[in-house]
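# Chains, contacts and geometry: an overview
What follows is the residue order along each chain.
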Amino acid sequence: MTSIAGTSGPARAADPPVITLTTDFGLRDGYVAAMKGVILSMCRDARIVDVTHEIAPQSVPAAVFVTSTVWPFFPPDAIHVCVVDPGVGTERRALLLVTDRGRFIGPDNGVLSAALPEAVRGAAPAGGGPVHLPDGFRAYSIENRAFLRAEVSRTFHGRDIFAPAAAHLALGAAPERFGPRVGAMVALPPFRARPDATGALRGRVIHIDRFGNLITDVRGEDLPRGEIAVTVAGRTIRGLSPTFAAAEGLLAFVGSYGYLAIAVRNGNAARELDADVGTPVTVTARTPGNATG
Amino acid sequence: MTSIAGTSGPARAADPPVITLTTDFGLRDGYVAAMKGVILSMCRDARIVDVTHEIAPQSVPAAVFVTSTVWPFFPPDAIHVCVVDPGVGTERRALLLVTDRGRFIGPDNGVLSAALPEAVRGAAPAGGGPVHLPDGFRAYSIENRAFLRAEVSRTFHGRDIFAPAAAHLALGAAPERFGPRVGAMVALPPFRARPDATGALRGRVIHIDRFGNLITDVRGEDLPRGEIAVTVAGRTIRGLSPTFAAAEGLLAFVGSYGYLAIAVRNGNAARELDADVGTPVTVTARTPGNATG
Amino acid sequence: MTSIAGTSGPARAADPPVITLTTDFGLRDGYVAAMKGVILSMCRDARIVDVTHEIAPQSVPAAVFVTSTVWPFFPPDAIHVCVVDPGVGTERRALLLVTDRGRFIGPDNGVLSAALPEAVRGAAPAGGGPVHLPDGFRAYSIENRAFLRAEVSRTFHGRDIFAPAAAHLALGAAPERFGPRVGAMVALPPFRARPDATGALRGRVIHIDRFGNLITDVRGEDLPRGEIAVTVAGRTIRGLSPTFAAAEGLLAFVGSYGYLAIAVRNGNAARELDADVGTPVTVTARTPGNATG
């Protein structure tokens, strides 16, 4: 009782199912609530948790980033539904992915990438594409109409396909009953800035959080040893700060996600730097000769 | 287990109660959480689901539209609370409406209209007004002070009247104990554009969703046969698109609600057209002679 | 069954735990969901309720105001987590406060002030500071690493300290096991405008709600007897309105919180008056001589 369960250990048989929802539907409309109604109509005991419904509209990469910061903290028997689906109504598959760290449901457009190991995602082309699934990962194309709503609309698969599939899974339906097993699924490559010929890490902003902090694709573990210099939007930051509270003005730190982040103490870095998702970020080892700016 | 329960079938006796909340309170303040605290203080096992708290302030029609897209997807024993209440503190009734499709609690100002059949709503005047309840619909004026908080404020009936009433109902209190049965309640007429003398459907925008899509009061089933032309904000759209993904630019389609919707692929129709709730929309059968614009 | 439990009475042993969350994390990121994942990984049966995640970034007073309007409506065994934490990563304590009205977890920076009696908060200096805890209030410095996540980040104590502490408490861990008992904690003084030498109440706006209503620190019970005049942003309001619905234009009323509030019927007072948190508000007894403006 005094050890934190975290993501380890199997759930007890009697545990109520946990279902998380991540969408770009927002909360002004009834879309999310309709999905919850479908789930609760079938599985009254489900614990439904909103990850966020504020994903930038139709932005698959943003959904991958946010879910990558959330899914690892859920129990391994959780069911994670992610519906960011610019191709709804086209022939893209509806996917069920079964892993030891959770079960994942969504369109086969890369939005479930955070469920895959980085090495697997590394095989995907720059804009995303099919990758072969490794041992321990099983994917199914959701096609069994008995697991969908009787009437499937062309525009709202969250309610008509993904929510009922999650509820059936929560009720104990075996994954292979949902449809044919598939050996590959669409993935995005990992967020990870690579060094150029000079050794400088060339990255970009991948997310802006509520505080206006810029989250970059530079990994803390990839940073050069010793003092570093971070250049973004024409400004240079020297050295890492251990915490928000340890510096004034513009600062760089390795955030809780393990990514290099750029912040303004008691301010909004995105606004002050006029930076956005995609803004380039360069990290170099700081040497006396380049300590300018 | 493989059939979707949807809205059919009675709930089992042991099912925990489901209570949904729809308000215009927003999520910046503590209003919604105070309601949840009152409910959970009385009925710890309630499954409380937020429909939305982003209804435009004091907009009863917007609440009716959004709830009409959500309530049908919940179990028939769910309790739906809707508090959009410009007349709070006046003499308007607090209402409990019991139907085969759910139980509904809110002020008697039309906000529960989505619980009524269209034919019944059709008897309401244009701006809303009392309608007689048909067989199978029972309404009660919530007046029994034993079912309210001990101290009822003048400005926050969501916390002091509607939340405790919902909790008492969830705990099994019989509807007739809440107060006198009433034979009529306030309703809004249905959202349904009517044809003019030339046969053109004259409608309006009734909702703008998170994507900037314009939802209109033109029903898919009322559309003229064959090709149509949709005119809105000085622009004309020819023909329906089967899905978002099937067209470029400005397009019209019948959305998951069954209403004609107007969207811009990968864009925001409300902004691009400078359209708002209330903007007129006209749909005509497309003939060669009027294929201009 | 017909009496409202409200905040009185002990919870039954079998009741599932209730945990509320109040943060400034917003809902665009995964921060809040990660906290919920940690809690549900340890305590699947927890009822997690969002108070709000829209506290103005790093605004401890705003968190105190909002939680003061919510916490009293929850059951007395509820666990309230509040993470507004500008000093995260510094040496400020992580605190567990045990009272007869709830258990409270958060940084020791004043953010738990709403759990303290006003008389106790009255001992705090204007900007907040340590106060001695009275009988019936026990506080502990959360230091037992067995109750934290195995790896504690420097920037996200909500996930790594406060969420697992709440889950352990929900599972029944005794408060004294979390760390050493402390006799004082940081508190903010109460929101309560004081009269000046002339008897006028000199207050300020402490919160702006979703409707643009200005909530002030003038208590309804402190208002002068008879007619009053409220001056704010260069405008004077004469008399109190009993409800929103009872007046036109600019009006003052005692809101559901017991504070004087200023509203514009069918409008937004904050925008119309160009008022903000901190805007001065003066209330005087209205006498014929000063009935101008």
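Everything numeric in this text was worked out from a predicted model, so none of it was measured.

## Quick look at the packing of aromatic side chains
Summed over all chains, the structure comprises 27 aromatic pairs over all chains. Judged by centre distance (5.4 Å) and plane angle (90°), the ring pair of C:Tyr31 and C:Phe156 falls under edge-to-face. Here C:Tyr31, found in helix α1 (residues 31–42), pairs with C:Phe156, found in the loop between β7 (138–141) and α4 (157–170); they are 125 residues apart in sequence, far enough to count as distant. Here C:Tyr31 matches C:Phe156 in class, with each residue buried. A network of ring pairs unites the aromatic residues A:Phe25, A:Tyr31, A:Phe156, B:Phe65, B:Phe191, B:Tyr257 and B:Tyr259 as a single cluster. Directly above the ring of C:Phe191 sits C:Arg121, whose terminal nitrogen or CZ lies 5.6 Å from the centroid.

## Observations concerning the sheet that holds β7(C)
All names here are of chain C. Strand order in the open sheet made by the seven strands is β2-β1-β3-β5-β4-β7-β8, with mixed pairing throughout. Every interior strand has two partners, whereas the edge strands, β2 (47–52) and β8 (181–182), have only one. Strand direction decides the pairing type here: strand β3 (residues 79–83) and strand β5 (residues 102–107), joined by three bridges, are parallel. For Val81, the partnering residue across the bridge sits in β5 and is Ile105.

## Section: the relation of the copies chain C and chain B
Between the two copies, chain C and chain B, the superposition gives an RMSD of 0.0 Å; the rotation angle is 120° and the shift along the axis is 0.0 Å. Accordingly, the operation relating the two chain copies is best matched by a three-fold axis. The rotation axis passes nearest to the C-alpha of C:Arg47 in chain C, at a distance of 5.1 Å. Comparing contact sets, just 5% of the residues at the interface of chain C also lie at the interface in chain B, consistent with a heterologous contact between different surfaces.

## Section: the confidence of the model for chain A
All names here are of chain A. Of all residues in chain A, 91% attain a pLDDT of 70 or more, and the chain-wide mean is 89. For residues 1–13, every residue scores under 50 in pLDDT, and the model assigns this stretch 28 contacts once sequence neighbours within four places are set aside. Residue range residues 288–293 is modelled with pLDDT below 50. Its contacts to residues more than four positions away, or to other chains, number eight contacts.

## Re the packing of helix α1 (residues 31–42) of chain B against helix α4 (residues 157–170) of chain B
Residues and elements named next belong to chain B. Their axes nearest at 9 Å, the elements α1 and α4 cross at an angle of 35°. The handedness of the crossing between α1 and α4 is right-handed. Contacts between α1 and α4 involve Ala34, Met35, Val38, Ile39 and Met42 from the former and Gly158, Arg159, Ala163, Pro164, Ala167 and His168 from the latter. Taken together, the residues of the contact of α1 with α4 sort by class into eight nonpolar, two polar and one charged.

## A few points about the relation of the copies chain C and chain A
With an RMSD of 0.0 Å, the fit of chain C onto chain A corresponds to turning through 120° and sliding 0.0 Å along the axis. A distinct binding surface is used by each copy, with only 5% of the interface residues of chain C retained as interface residues in chain A.

The rules behind each value
- Residues numbered from 1 in each chain as written.
- Chains lettered and ligands numbered in written order.
- Predicted model: local features only at pLDDT ≥ 70, side-chain atom pairs only at ≥ 80, totals over all residues.
- Heavy atoms only, no water.
- Phe/Tyr/Trp six-rings, centres within 6.5 Å; stacked < 30°, edge-to-face > 60°.
- Helix = DSSP H or I, 4+ residues; strand = E, 2+ residues; numbered from the N terminus.
- Buried < 20%, exposed > 50% of the residue type's maximum accessible area, 1.4 Å probe, protein only.
- Lys NZ or Arg CZ within 6 Å of the ring centre and 35° of its normal.
- Pairing = 2+ DSSP bridges.
- Least-squares fit on C-alpha atoms with pLDDT ≥ 70 in both.
- Contact = heavy atoms within 4.5 Å.
- pLDDT = per-residue confidence, 0-100.
- Axes fitted to C-alpha atoms, helices over the stretch in contact; angles between N-to-C directions.
- Left-handed = near helix turned anticlockwise from the far one by under 90°.
- Nonpolar A, V, L, I, M, F, W, Y, C, P; charged D, E, K, R; others polar.

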